[in-house]
Amino acid sequence: MENQEKRHKRRIRYRGKYPKSYKEKYKELQPEKYADTIEKVIRKGSTPAGMHISICVKEILDFLQIQPGQRGLDATLGYGGHTQHMLERLNGRGHLYGLDVDPIELEKTTGRLRGLGFGEEILTVRLLNFASIDQMAAEAGSFDFVLADLGVSSMQIDNPDRGFSYKAEGPLDLRMNPQKGFSAAQRLRGIDREELTGMLIENADEPYAGEIAGEVIAWQRRGKQIETTTQLKEVIEAALRFIPPAERKEAVKKSCQRTFQALRIDVNSEFEVLYEFLEKLPDALAPGGRAAILTFHSGEDRLVKKSFRRFHKEGVYSQVSPNAVRPSAEECAQNSRARSAKLRWAIRA
């Protein structure tokens, strides 16, 4: 009888003061219940597990100048932080559309925003790539304001099951939508040294691209497949073993960051998608409509700057940001992930 009873399964507890396992951070993963813990983590300049702290919120809202009754688009919904602030500016009048390609996080974010009282009468959410902004505009009408935050959400980075970070063991996936396309592990299987070297240089300006690509190919020739995040890190460590020990740890860290970025950009076709979005953006904006784009690495920023300046020269945009707007020193101190952010804006003629 006793064996048939359903035994109580204890919740996973913190092991020590700072748990290392993502799934052990149950307090951070329940922000509505453990607000004090969340506040402490943020005060330390860290992002709580399973959360995303929106960047340049004040700068974005100051530029967009959202008014009640307007129609807007958050082209990259993510955690919904920017969306929440924009909805508050609408003050119950108008409509906001939110797009995202990640079905896992989209469901969570939609539930979170609905729970805050933003119903279908003011917020429409779509599982859609922002390159399809023309499709959304055909359905909704032209937009008075558009925001695109091109950063990877902290929820994706922190979850080892998604494979976005070398810091924890997980499948080498890196897809925004794990239900479509090829994972990073699959991508590496059929690549040659020249193509991988080019990818690392073009997508991440990796200085040791040739060495890393060579080690990947050598690993595969020995019959080994790179299936996990930590295996890729091992390959990079082996490729950089020629670097003096005193400098090697930092070099490996930076090359891991750049290599994961390059693969993520490749498997999600991020540059192609961004280019398509930028080409369609003017036609999706109402006259006088405002667009703000937040980028996090030089490749993205170059595409945005080039597009904005070209359309400005052609008279499509009446104004564009003369320079990139950077987060304040205070924001960067509170959120380390803000340091690489650049905000550019444009106003439709």
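Residues numbered from 1 in each chain as written. Predicted model: local features only at pLDDT ≥ 70, side-chain atom pairs only at ≥ 80, totals over all residues. Heavy atoms only, no water.

**A look at the packing of aromatic side chains**
Right, on to step 1. Under the definition given, this model contains seven aromatic pairs.
Right, on to step 2. Between Tyr208 and Phe242, the ring centres sit 5.8 Å apart and the planes meet at 75°, which makes this aromatic pair edge-to-face. Here the residue Tyr208 occupies a position in the loop between α8 (193-204) and α9 (209-221), and Phe242 occupies one in the loop between α10 (229-239) and α11 (245-267), the gap between them amounting to 34 residues.
Right, on to step 3. What makes Phe242 partly exposed here is its relative accessible area of 47%.
Right, on to step 4. Taken together, the ring pairs in this structure connect Phe308, Phe311 and Tyr317 into an aromatic cluster.
Right, on to step 5. Lying over the aromatic face of Tyr79, Arg112 brings its terminal NZ or CZ to 3.7 Å of the ring centre. (Phe/Tyr/Trp six-rings, centres within 6.5 Å; stacked < 30°, edge-to-face > 60°. Helix = DSSP H or I, 4+ residues; strand = E, 2+ residues; numbered from the N terminus. Buried < 20%, exposed > 50% of the residue type's maximum accessible area, 1.4 Å probe, protein only. Lys NZ or Arg CZ within 6 Å of the ring centre and 35° of its normal.)

**Some details on the nonpolar core**
Right, on to step 1. If you look at the biggest cluster of nonpolar residues, it comprises 33 residues, and the most contacted ones within it are Leu172, Leu174, Leu188, Leu196, Ile226, Leu232 and Leu263.
Right, on to step 2. Of all elements in the fold, only α7 (184-189), α8, α9, α10 and α11 reach the threshold of two or more residues within this core.
Right, on to step 3. In terms of residue count, the dominant contributor to this core is α11 (seven residues).
Right, on to step 4. Non-local contacts of Leu232, meaning those with residues more than four positions away in its chain, are made with Leu172, Leu188, Ile226, Thr259, Phe260 and Leu263. (Core = buried A, V, L, I, M, F, W, Y, C linked by side-chain atoms within 4.5 Å. Contact = heavy atoms within 4.5 Å.)

**Regarding the pattern of salt bridges**
Right, on to step 1. Applying the stated criterion across every chain yields a total of 19 salt bridges.
Right, on to step 2. We note a salt bridge from Glu270 to Arg264, for which the minimum N-O separation is 2.7 Å.
Right, on to step 3. Of the residues examined, Glu270 reaches a relative accessible area of 14% and is grouped as buried.
Right, on to step 4. With a shortest N-O distance of 3.7 Å, Lys342 and Asp301 are connected by a salt bridge. Separated by 41 residues along the polypeptide, Lys342 in strand β7 (residues 342-348) and Asp301 in helix α13 (residues 298-313) bring together distant segments of the chain.
Right, on to step 5. For Lys342, a relative accessible area of 26% gives the class partly exposed.
Right, on to step 6. For Asp301, a relative accessible area of 4% corresponds to the buried category. (Salt bridge = Lys/Arg side-chain N within 4 Å of Asp/Glu carboxyl O.)

**So, the sheet that holds strand β2 (residues 95-100)**
Right, on to step 1. Overall, mixed pairing links the seven strands, which are arranged β3-β2-β1-β4-β5-β7-β6 in an open sheet. Edge positions in the sheet fall to β3 (123-127) and β6 (317-320), since each of these pairs with one other strand and no more. In this sheet, neighbouring strand axes are inclined to one another by 15° on average, regardless of whether the strands run parallel or antiparallel.
Right, on to step 2. Examined bridge by bridge, strand β5 (residues 285-295) and β7 share six bridges and lie antiparallel to one another. Looking at the pairing, Ile293 lines up with Arg344 of β7.
Right, on to step 3. In the packing of helix α5 (residues 133-140) onto the sheet, contacts are made with β1 (71-74), β2, β3 and β4 (143-149), and the angle to β4 comes to roughly 150°. (Pairing = 2+ DSSP bridges. Axes fitted to C-alpha atoms, helices over the stretch in contact; angles between N-to-C directions.)

**Some thoughts on unusual backbone geometry**
Right, on to step 1. The backbone of Leu174 shows a phi angle near 75°, a positive value even though the residue is not glycine.
Right, on to step 2. For Leu174, the position within the fold is in the loop between α6 (154-158) and α7.
Right, on to step 3. Assessed through its relative accessible area of 0%, Leu174 is described here as buried.
Right, on to step 4. Its identity is not glycine, yet Asp205 carries a phi of approximately 50°, on the positive side.
Right, on to step 5. Mapped onto the elements of the fold, Asp205 is located in the loop between α8 and α9.

**Comments concerning the environment of Asp266**
Right, on to step 1. By the secondary structure assignment, Asp266 is in helix α11.
Right, on to step 2. What Asp266 contacts, discounting residues up to four positions off in sequence, is Arg187, Met199 and Asn203.

**Considerations on the confidence of the model for the protein chain**
Right, on to step 1. Mean pLDDT for the protein chain: 87, with 85% of residues reaching 70 or above.
Right, on to step 2. In this model, residues 1-19 is a region of pLDDT below 50 whose contacts with residues beyond four sequence positions or in other chains number 19 contacts.
Right, on to step 3. The model gives residues 24-28 a pLDDT under 50, and that stretch makes 24 contacts with residues more than four places away or in other chains. (pLDDT = per-residue confidence, 0-100.)

**Brief notes about the pairing of β1**
Right, on to step 1. Looking at chain direction, β1 and β2 are connected through four bridges and run parallel. Looking at the pairing, Asp74 lines up with Gly98 of β2.
Right, on to step 2. Handedness of the β-α-β unit built from β1, helix α3 (residues 81-90) and β2 comes out right-handed.
Right, on to step 3. Looking at chain direction, β1 and β4 are connected through three bridges and run parallel. When the bridges of β4 are listed, Gly72 appears paired with Phe145. (Right-handed = clockwise from strand over helix to strand, strands pointing away.)

**What about the packing of helix α12 (residues 270-284) against α13?**
Right, on to step 1. Between α12 and α13, the shortest axis-to-axis distance is 10 Å and the interhelical angle comes to 20°. Of the possible angle classes, the one that applies to α12 and α13 is roughly parallel. Judged by the twist between their axes, the crossing of α12 over α13 is right-handed. Each of Glu270, Phe271, Leu274, Leu278, Glu279, Leu281 and Pro282 in α12 lies in contact with α13, whose residues at this interface are Gly299, Glu300, Leu303, Val304, Ser307, Phe308, Arg310 and Phe311.
Right, on to step 2. Residue composition of the contact of α12 with α13, grouped by class: nine nonpolar, two polar and four charged. (Parallel < 35°, antiparallel > 145°, perpendicular 65-115°, else oblique. Left-handed = near helix turned anticlockwise from the far one by under 90°. Nonpolar A, V, L, I, M, F, W, Y, C, P; charged D, E, K, R; others polar.)

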